[in-house]
Amino acid sequence: MASVPKKKYQRKDRPKKRKFHGNRYTLNNEPNAKFRLTEENTDEIQSECNENKTASVLKLNDSVNKIGNDKLELEDSSELEGYRLIDATSLVNFITQFPCKFCCSFSKRERGEVCKPSYTIKEQLKGVTSIINLTCDYCDNIISLNSSPNENLNMRFLFSMYAIGVNNEKSNRFLANMNMPNFVSTNMSSKYKKNIHEATSQVALQSMEQAAKELYNGNDGSKEVGVSCDGTWQRRGFVSKNGVATTVSVNPRGPAKVVDVEVLSNYCDACAKAKARMEDSEFVQFKSTHNCQKNHDGTAGSMESDGMLKIFRRSSEKYGLQYTKYLGDGDSKSFKTVAESNVYDGKEIVKLECCGHVQKRMGKRLMDKVNQCKGKKYEENGKHYTGIGGAGRLTAKAIKRIQGHYGGAIRKNTGDLEGMRKSIMAILFHRGGDHKLCGSWCKGDNKNMLPKFVISEIEPVFRDLSNDQLLKKCLHGGTQNNNESFHNLIWNRCPKSVFVGRERLEIAVNDAIVVYNDGELGRVGIFEKLGLKCGRFSISGFRKLDSKRIKKSNYNSKMDIKIKRQQKQQVNIASDNTYLAGGF
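These remarks concern the structure in this document. Throughout, a residue's number is its position along its own chain's written sequence, starting from 1. In view of the model being predicted, local features appear only for residues whose pLDDT reaches at least 70, and side-chain atom pairs are presented and counted only at 80 or more, with totals across whole chains, interfaces and linings using the full set of residues. Heavy atoms from the whole structure form the basis of all side-chain values; hydrogens and water molecules are not counted.

## Description of the overall build of the protein
- On a plain count of helices and strands, the protein comes out with 21 helices and 13 strands.
- Three exposure classes are used, based on accessible area relative to the maximum for each residue type with a 1.4 Å probe and protein chains only: buried under 20%, partly exposed in between, and exposed over 50%. For the protein, buried positions account for 42% of its 584 residues.
- Intrachain contacts of the protein at a sequence separation of at least 6 include 65% that bridge at least 24 residues.
- Methods summary: accessible areas were calculated by the Shrake-Rupley approach with a probe of 1.4 Å, and residue burial reflects only the protein chains presented. When the accessible area of the protein is evaluated, it comes to approximately 34600 Å², of which 49% is carbon and sulfur surface. Going along the chain from the N terminus, every DSSP run of H or I of four or more residues is numbered as a helix, and every run of E of two or more is numbered as a strand. Residues are treated as being in contact if the distance between any of their heavy atoms lies within 4.5 Å.

Structure follows, in structure tokens:
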């Protein structure tokens with residue numbers, strides 16, 4: 001009887017397993033293979049390049065003129081570019097293994113002799129750049145290895161250090177830890193700084209001009225536009241020697257961008273040192289020929305006012321625009337200075353309040369009311385109370401919640417004055433157990449109800465912060481968060497812990513303008529102005545930074561993430577003094 005062949009094992013719980021035919025999603029490694037890199041497939045292609053070790057053969061197409069485009073033409077190539085960290089001894093040992101091509105490859109080989117190379121090695125250092133000269137001991141032929149033959153590597157290094165907020169001292173500390181040569185001298189570093197300052201100024205000006213055009217188009221071609229104005233200082237407490245006045249566009253049809261800045265300083269280090277060692281006559285002569293860094297006479301507190309006035313006065317000539325809407329905080333000094341200067345020949349400049357600062361007022365006013373009523377005696381339902389603060393009354397957590405509801409009432413009723421007022425008063429009545437003005441958000445319970453004597457004490461605060469004069473300035477629903485974000489970029493590039501001169505601060509401001517308006521890829525224009533190559537590693541890195549920033553912003557903008565973030569912000573309002581100065 002013929003044997004019956006055994007049946008193959010078949011998987012009953014899953015479909016039939018298919019054979020593996022290789023990875024069908026790797027890059028094509030054929031010669032002259034080309035592909036297009038877009039925003040959609042950037043991360044996918046870059047990850048595949050890293051996994052398949054093909055990233056080193058990618059090359060940017062030289063025909064690409066605008067780096068900021070969504071599409072970059074790339075092609076497969078074996079050419080290496082960029083910089084690497086390499087041990088100098090290993091490099092020299094590798095090169096000295098090969099004989100000199102002039103003396104060893106002809107005479108000794110013809111005689112059948114073995115060529116044993118022998119070289120004399122000397123190195124020329126200029127900052128982080130290096131030229132290694134290998135001189136053949138037989139024929140004096142010199143082989144030169146230049147670490148950066150086509151560009152100024154010291155310039156690139158200094159600009160990179162400025163971009164991450166590192167000064168010369170910390171740069172040398174980094175190089176010392178890496179066992180690398182020290183940076184160039186102070187005089188040479190100053191020359192590089194001037195070149196970087198000029199390049200960043202030009203690119204930042206182009207970026208702000210484009211932002212002004214977008215603001216003009218976003219207002220349907222009207223020259224009368226709105227800007228968000230704010231100042232920032234390198235030191236707190238109005239003792240800073242450096243300050244920056246910033247204006248960010250209020251564009252109803254586009255993103256907010258920086259349109260103009262003014263960097264002010266009331267100190268010049270060179271002048272201070274010269275005055276200490278020179279006679280008066282010598283100092284006067286020095287002053288006449290010296291490029292002084294001081295451009296402000298006065299206190300640090302007046303820097304914002306003077307800077308804003310300069311910005312408003314040159315807006316018509318610089319961009320053909322008139323900043324007739326001034327979005328600012330509660331400090332009216334800068335606005336008052338601009339409004340009373342008749343910048344636009346009698347045309348009125350309207351003050352718009354920052355909704356974030358107005359929201360802070362509610363918390364501060366309620367906390368002040370608690371402090372004012374500390375010794376007062378109250379009686380309700382047979383119980384005696386001292387003050388309006390404490391358990392069952394106005395706690396720090398309750399004040400924080402009321403403050404948040406007040407800000408929400410303003411932002412949810414932009415353009416509707418009456419609706420804004422009703423929503424604000426609904427907060428007070430809801431806390432008192434009266435739900436006639438409540439909306440769909442109200443469940444009708446009295447879970448967080450406050451005693452009547454507390455409601456009567458805080459009612460004047462609600463009446464004052466819901467008056468028409470104030471709410472009309474909040475109908476736009478905007479804040480100065482854009483200014484604060486821009487200020488953060490500035491001080492990341494120029495930390496407040498280290499004092500700097502005006503030129504160094506302006507480099508940080510200009511670089512921050514480019515990144516804020518155009519993203520990290522906008523810095524490619526600065527490299528071009530400096531004569532530095534922005535290779536594929538730089539562009540790939542800039543793209544990843546921009547992509548990560550956008551993803552993080554989109555994530556933080558989700559409603560559930562906002563709710564979680566608000567739940568974590570149950571902090572005592574008394575310790576939150578971010579906007580106290582001049583805000584109330």
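Alright, that's what it looks like, and here's the rest.
## Thoughts on helix H13 (residues 396-411)
- Between the first and last residue of a helix there are one fewer steps than residues, each counted as 1.5 Å, and that sum is the expected span. A rise of 1.5 Å per residue sets the reference length of H13, with its 16 residues, at 22 Å; its end C-alpha atoms lie 23 Å apart and thus fit the reference within 8%.
- Tucked inside the fold, the buried residues of H13 contact helix H12 (355-372), helix H14 (417-431), helix H15 (452-464) and helix H16 (468-471).

## Side note on the nonpolar core
- Buried Ala, Val, Leu, Ile, Met, Phe, Trp, Tyr and Cys residues that are joined via side-chain atoms within 4.5 Å together make up what is termed a nonpolar core. By size, the foremost hydrophobic cluster in this structure holds 67 residues, and its most contacted members are Phe-312, Tyr-323, Phe-486, Leu-505 and Val-509.
- Ranked by residues supplied to this core, first place goes to helix H6 (residues 186-218) with 9 residues.
- Dropping the residues within four chain positions of it, Val-509 is found in contact with Val-244, Val-261, Val-263, Phe-486 and Ile-490.
- Formed by 33 residues, the second largest nonpolar core is a distinct cluster that contains Met-367, Val-461, Leu-465 and Leu-471.

## Describing the packing of H12 against H13
- A fitted line through C-alpha atoms represents every axis, and for helices the fit uses only the stretch in contact; the resulting angles, taken between N-to-C directions, go from 0 to 180 degrees. The interhelical angle for the contact between H12 and H13, taken along N-to-C directions, is 145 degrees, at an axis separation of 9 Å. As H12 packs across H13, the resulting crossing turns out to be right-handed. Taking contact as the criterion, the partners of Cys-355, Gly-356, Val-358, Gln-359, Lys-360, Met-362, Gly-363, Leu-366, Met-367 and Val-370 in H12 are, on H13, Ile-399, Ile-402, Gln-403, Gly-404, Tyr-406, Gly-407, Ile-410 and Arg-411. Crossings are sorted by hand: turned counterclockwise from the far helix by less than a right angle, the near helix makes the crossing left-handed, and turned clockwise it makes it right-handed.

## Here's the deal with the sheet that holds strand S8 (residues 242-249)
- For two strands to count as paired, DSSP must find a minimum of two bridges between them. Strand order in the open sheet formed by 5 strands is S9-S8-S7-S10-S11, with mixed pairing between adjacent strands. Both outer strands of the open sheet, strand S9 (258-265) and strand S11 (350-353), are each paired with one neighbouring strand and no more. Ignoring strand direction, the axes of neighbouring strands in this sheet form an average angle of 30 degrees.
- Sheet contacts for H6: strand S7 (224-233), S8 and S9; angle to S9, the most-contacted strand, approximately 135 degrees.

## Quick word on the pattern of salt bridges
- Definition used for salt bridges: Asp or Glu carboxyl oxygen within 4 Å of a side-chain nitrogen of Lys or Arg. Within the structure shown, the criterion is met by 25 salt bridges.
- Put simply, Glu-224 and Lys-347 hold a salt bridge, and the shortest N to O gap is 2.9 Å. Of this pair, Glu-224 sits in strand S7 while Lys-347 sits in the loop between helix H11 (333-339) and S11, and the two are 123 residues apart along the sequence.
- One connected set of salt bridges, linked through shared partners, spans Asp-260, Glu-262, Lys-310, Arg-314 and Lys-318.

## Some remarks on the pairing of strand S10 (residues 322-328)
- For S10, a buried count of 6 out of 7 residues is recorded, marking the element as mostly surrounded by other parts of the structure.
- Direction of pairing for S7 relative to S10: parallel, over a ladder of 5 bridges. By the bridge assignment for S10, Val-227 is matched with Tyr-326.
- Note that S10 and S11 share 4 bridges and pair parallel. Paired with Tyr-326 across the strands is Lys-351, a residue of S11.

## Digging into the packing of aromatic side chains
- Between rings of Phe, Tyr and Trp, where Trp is taken as its six-membered ring, a pair exists when centres lie within 6.5 Å; planes separated by under 30 degrees are stacked, by over 60 edge-to-face, and by other angles tilted. On inspection of all chains with the given rule, the structure shows 12 aromatic pairs.
- Connected via pairs of aromatic rings, a cluster forms that spans Phe-312, Tyr-323, Tyr-326 and Phe-335.
- We call a charge positioned above a ring when the Lys NZ or Arg CZ atom is no farther than 6 Å from the ring centre and deviates by at most 35 degrees from the ring normal. When the ring centre of Phe-429 is taken as origin, the NZ or CZ atom of Lys-436, which lies over that ring, is 5.6 Å away.
- Of note, Arg-536 hangs over the ring of Phe-537, and the distance from its end group to the ring centre comes to 4.2 Å.

## Description of the sheet that holds strand S4 (residues 119-126)
- The 3 strands lie next to each other as S4-S5-S6, forming an open sheet whose pairing is antiparallel. The open sheet has two edge strands with one neighbour each: S4 and strand S6 (142-146). Along the sheet, successive strands turn relative to each other by an average axial angle of 15 degrees, direction set aside.
- By the bridge criterion, 8 bridges tie S4 to strand S5 (residues 129-136) in an arrangement that is antiparallel. Its bridge partner being in S5, Lys-126 is matched across the sheet by Thr-129.

## Quick word on the packing of H13 against H14
- Between H13 and H14, the shortest axis-to-axis distance is 8 Å and the interhelical angle comes to 155 degrees. One element, H13, and the other, H14, form an angle in the roughly antiparallel class. For the pair H13 and H14, the sense of crossing is right-handed. Contacts between H13 and H14 involve Ala-398, Arg-401, Ile-402, His-405, Tyr-406, Ala-409 and Ile-410 from the first element and Met-420, Ser-423, Ile-424, Ile-427 and Arg-431 from the second.
- Residues were grouped as follows: Ala, Val, Leu, Ile, Met, Phe, Trp, Tyr, Cys and Pro as nonpolar; Asp, Glu, Lys and Arg as charged; and all remaining residues, including Gly, as polar. Looking at the contact of H13 with H14, its residues break down into 8 nonpolar, 2 polar and 2 charged. Roughly parallel refers to an angle under 35 degrees, roughly antiparallel to one over 145, roughly perpendicular to one between 65 and 115, and oblique to any angle outside these ranges.

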